[in-house]
Amino acid sequence: MPPPHRIEPSYRRRCSRRLRPDCDGTGTACRHGPGTVGVMNQIRPAEAGPVTSGRKPHLPALDGLRGVAILGVLLFHTGRLPGGFLGVDLFFGLSGYLITDLLLREVEATGTVSPVAFWGRRIRRLLPALVTMLAGVTVVVWAVGPPDLVRTTLADGPWVQLNLVNWHLLAESAGYWDRFGSQRVFEHLWSIAVEEQFYLLWPPILLVIARSANRPESRVAVVAATASIGSLALMITLAGAGDPSRVYTGTDTRAFSLLLGAVVATGPVRAALARAAGRWAGPAAALLAAGLGISWALTDGTTSRWLFTGGLFAHSLAAALLVGLCVQAPRTGVAKALAWPPLRWVGLISYSLYLWHWPVFVLLSPELDGLPRTGAVLAVSLGLATLSKYLVEDPIRFRARWARGRRGLLAFTVVTAGLALLWVVLPAPAPVVVDITGL
């Protein structure tokens, strides 16, 4: 295995610009030139120098991690894996790592961070698929769904659009562990809201650090680690004997899952990880992967109170370290297993798959049960996610020139207004009236 700071020649690629606007660090397709198709994971080797025009090596293992995460969530929601909900933490750690890595490379290249440019890339990446799902599911629910489902869909939709649905559900006392029934189709989007809130706040913080610190990466590591510990302390403080939904879905108490990924993305921590792992990177990655797998198989969110007094923090730290090891040592057995093409493909469509799978589960015929229902949910969700990626996400993100600049801002304004209008123009069923005069 080569030293962790080297980039093997087979990994080297070149693109015409230092920082391409369609490279957002989330491991999606990068169209930098002929023959360059697939996933570009924005990473920085352990001891890399300043950013140059070379593109970063593509690591298929990170796609595989996304595939593992989304499959865990799907199996949890279909009742096949009790701890599969922890796949969300793997998503969080991976997102925190990749987004922070992207922003730090921007600091290296330019000396600053442009939050507006970052948010523009995030909108182009996330909004098209989300709007398609929201509009399509809302119309279907309004047309064929039971009245209660129509009411909650129209009530939850605006909060999803505002990226505040996690707080909306908490305000309505919609407990996470008992609400996965047939009454809400957008409840799974609480995690998307948490990530979007992180995307809103983290770039300005890095901008301040970049302008005020001589060693920005060290300062970012300290800030992220300190905030992670504060988030954990808040979770422990607020966790009680009752429903843990507040600490599980609250942005403040879940921030450590994203921030631990951010910590591992910084140069000092990457270098320390490379030194600590060394030749033992393979066994360390295997141990972390085994620990995550065992926790997913044995953990139950309703009875595992230890999750909210440090267990989730430990799981998130293990996930972030596994991401870091896959970057540092891409030739370990774990990284090679994660690079299995079918698993990578699931990772490539993981965002749309996450968006669609829960509405499919709620709306699918209740006559199906057990393994047939699980298989049907997987099949339909995979089909919709594939259509979403190749017909909606990629065309708008990579080929639609109108999605950038002033025309992009105009398109965003029109789409946002149209979606907001949808919640108003669709009439909600009349509330149920209980006649108590005869009591």
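Everything quoted here is computed from the prediction, not taken from an experiment. (Residues numbered from 1 in each chain as written. Predicted model: local features only at pLDDT ≥ 70, side-chain atom pairs only at ≥ 80, totals over all residues. Heavy atoms only, no water.)

## Focus: the overall build of the protein
Right, on to step 1. A tally of helices and strands in the protein yields 17 helices and two strands.
Right, on to step 2. Looking at the protein residue by residue over its 439 residues, the buried ones come to 54%.
Right, on to step 3. Counting only contacts in the protein whose residues sit at least 6 apart along the sequence, the fraction spanning at least 24 positions is 77%.
Right, on to step 4. Just so you have it, the protein exposes about 18,800 Å², and 67% of that area is on carbon and sulfur atoms. (Helix = DSSP H or I, 4+ residues; strand = E, 2+ residues; numbered from the N terminus. Buried < 20%, exposed > 50% of the residue type's maximum accessible area, 1.4 Å probe, protein only. Contact = heavy atoms within 4.5 Å. Areas by Shrake-Rupley, 256 points an atom, 1.4 Å probe, with all protein chains shown as cover.)

## A few points about the nonpolar core
Right, on to step 1. The biggest cluster of nonpolar side chains holds 115 residues, and the ones touching the most others in it are Leu 62, Leu 65, Met 133, Leu 134, Phe 186, Leu 189 and Trp 202.
Right, on to step 2. Take this core: its biggest share by element is twelve residues, from helix α2 (residues 87–110).
Right, on to step 3. Apart from the residues within four sequence positions on either side, Leu 134 is in contact with Val 160, Phe 186, Leu 189, Leu 419 and Trp 423. (Core = buried A, V, L, I, M, F, W, Y, C linked by side-chain atoms within 4.5 Å.)

## Observations regarding the UniProt feature "transmembrane region" (unreviewed entry) in the protein
Right, on to step 1. This chain's UniProt record puts "transmembrane region" (unreviewed entry) on residues 125–144, 221–242, 254–273, 280–299, 305–327, 339–358 and 408–426.
Right, on to step 2. Helix makes up 74% of residues 305–327 and strand 0%. Its end C-alpha atoms lie 32 Å apart.
Right, on to step 3. In the segment residues 408–426, helix accounts for 95% and strand for 0%; the C-alpha atoms at its two ends are 27 Å apart. (UniProt positions renumbered as here; feature names shortened; annotations may be inferred.)

## Things to note about a nonpolar patch on the surface
Right, on to step 1. A cluster of nonpolar side chains, Trp 159, Leu 162, Leu 164 and Trp 167, forms an exposed patch at the surface whose accessible area comes to about 360 Å².
Right, on to step 2. Among the secondary structure elements, Leu 164 is positioned in the loop between α4 (147–161) and α5 (165–171).
Right, on to step 3. By relative accessible area, Leu 164 is classed as partly exposed at 33%. (Patch = residues over 30% accessible without salt bridge, like charges linked within 9 Å, V, L, I, M, F, W, Y side chains within 5 Å. Salt bridge = Lys/Arg side-chain N within 4 Å of Asp/Glu carboxyl O.)

## A few points about helix α15 (residues 350–363)
Right, on to step 1. For α15, spanning 14 residues, the distance from its first C-alpha to its last is 20 Å, which sits close to the expected 20 Å at 1.5 Å a residue.
Right, on to step 2. The principal kink in α15, of about 30°, is found at Trp 356, preceding the proline Pro 359 by one to four residues.
Right, on to step 3. Within α15, 13 of the 14 residues are buried, which leaves it mostly tucked inside the rest of the structure. (Expected span 1.5 Å × (residues − 1). Bend = angle between axes of the 7 residues up to and from the residue.)

## Considerations on the packing of aromatic side chains
Right, on to step 1. Considering all chains together, one arrives at ten aromatic pairs under this definition.
Right, on to step 2. Taken together, a centroid distance of 5.3 Å and an interplanar angle of 65° make the contact between Phe 76 and Phe 85 edge-to-face.
Right, on to step 3. The exposure class of Phe 85 is buried, given its relative accessible area of 0%.
Right, on to step 4. Look at Phe 198 and Tyr 199: their rings are 6.2 Å apart centre to centre, the planes differ by 55°, and that puts the pair in the tilted class. For the pair Phe 198 and Tyr 199, one class covers both residues: buried.
Right, on to step 5. What links up through ring pairs into an aromatic cluster is the set Phe 76, Phe 85, Phe 92, Trp 190 and Tyr 248.
Right, on to step 6. Sitting over the ring of Tyr 199, Arg 122 keeps its end group 5.1 Å from the ring centre. (Phe/Tyr/Trp six-rings, centres within 6.5 Å; stacked < 30°, edge-to-face > 60°. Lys NZ or Arg CZ within 6 Å of the ring centre and 35° of its normal.)

## With respect to the packing of helix α3 (residues 115–144) against helix α6 (residues 190–212)
Right, on to step 1. At a minimum axis distance of 10 Å, the contact between α3 and α6 shows a crossing angle of 160°. Overall, the two elements α3 and α6 adopt an arrangement that is roughly antiparallel. Viewed along their axes, α3 and α6 form a crossing whose handedness is right-handed. Here Pro 115, Phe 118, Trp 119, Arg 122 and Leu 126 of α3 come into contact with α6, specifically with Glu 196, Tyr 199, Leu 200, Pro 203, Pro 204 and Leu 207.
Right, on to step 2. Partitioning the contact of α3 with α6 into residue classes produces nine nonpolar, no polar and two charged. (Axes fitted to C-alpha atoms, helices over the stretch in contact; angles between N-to-C directions. Parallel < 35°, antiparallel > 145°, perpendicular 65-115°, else oblique. Left-handed = near helix turned anticlockwise from the far one by under 90°. Nonpolar A, V, L, I, M, F, W, Y, C, P; charged D, E, K, R; others polar.)

## Here we look at the pattern of salt bridges
Right, on to step 1. Following the criterion strictly, the structure yields eleven salt bridges and no others.
Right, on to step 2. Ionic pairing is found between Asp 394 and Lys 389, a salt bridge with its closest N-O pair at 3.2 Å. The pair formed by Asp 394 and Lys 389 is uniform in burial state, with each residue classed as buried.

## A word on unusual backbone geometry
Generally, phi is negative for residues other than glycine and the peptide bonds are trans, each holding for most cases.
Right, on to step 1. Phi is positive for Asn 163, which is not a glycine, with a value near 60°.
Right, on to step 2. The class of Asn 163 is partly exposed, set by a relative accessible area of 23%.

## Things to note about the layout of surface pockets
Right, on to step 1. Estimates place the volume of the largest pocket at around 650 Å³.
Right, on to step 2. Taken together, the elements giving at least two residues each to the lining of the largest pocket come down to α3, α4, α6 and α17 (405–425).
Right, on to step 3. Of all the elements, α3 adds the most residues to the lining of the largest pocket, at 13 residues.
Right, on to step 4. Each residue belonging to the lining of the largest pocket can be placed in one class, and the counts come to 17 nonpolar, five polar and three charged.
Right, on to step 5. In this structure, the second largest pocket spans a volume of roughly 360 Å³.
Right, on to step 6. Considering the residues around the second largest pocket, the lining is formed by 16 residues, among which Ile 123, Arg 124, Ala 403, Gly 408 and Phe 412 are closest to the centre.
Right, on to step 7. Sorting the residues of the lining of the second largest pocket by element identifies α3 and α17 as the ones contributing at least two each. (1 Å grid on protein atoms, 1.4 Å probe; cavity = no way out; pocket = protein on both sides within 12 Å on 5 of 7 lines; lining within 4 Å. Points joined across faces, edges and corners; volume = space filled by probe spheres on them.)

## Quick notes on the environment of Leu 189
Right, on to step 1. Take Leu 189: it is sitting in the loop between α5 and α6.
Right, on to step 2. Exposure remark for Leu 189: the relative accessible area of 2% places this residue in the buried category.
Right, on to step 3. The spatial distance from the C-alpha of Leu 189 to the C-alpha of Asn 166 is 7.6 Å, given a sequence separation of 23 residues.
Right, on to step 4. Excluding residues that lie within four positions of it along the chain, Leu 189 makes contacts with Leu 130, Met 133, Leu 134, Val 160, Val 165 and Leu 355.

## Thoughts on the environment of Ile 192
Right, on to step 1. Along the chain, the position of Ile 192 falls in helix α6.
Right, on to step 2. With 104 residues separating them in the primary sequence, Ile 192 and Val 88 have C-alpha atoms 9.8 Å apart.
Right, on to step 3. The residues contacting Ile 192, other than those within four sequence positions of it, are Tyr 351 and Tyr 354.

## Overview of α4
Right, on to step 1. With 15 residues, α4 should reach 21 Å at 1.5 Å per residue; the first-to-last C-alpha distance of 22 Å fits that figure.
Right, on to step 2. Among the residues of α4, Leu 149, Val 150, Thr 152, Thr 153, Leu 154, Asp 156, Gly 157 and Val 160 are the ones counted as buried.
Right, on to step 3. Looking at the buried residues of α4, the elements they touch are α3, α5, α15 and α17.
Right, on to step 4. Taken from the residues just after α4, Asn 163 is the one with a positive phi, measuring 60°.

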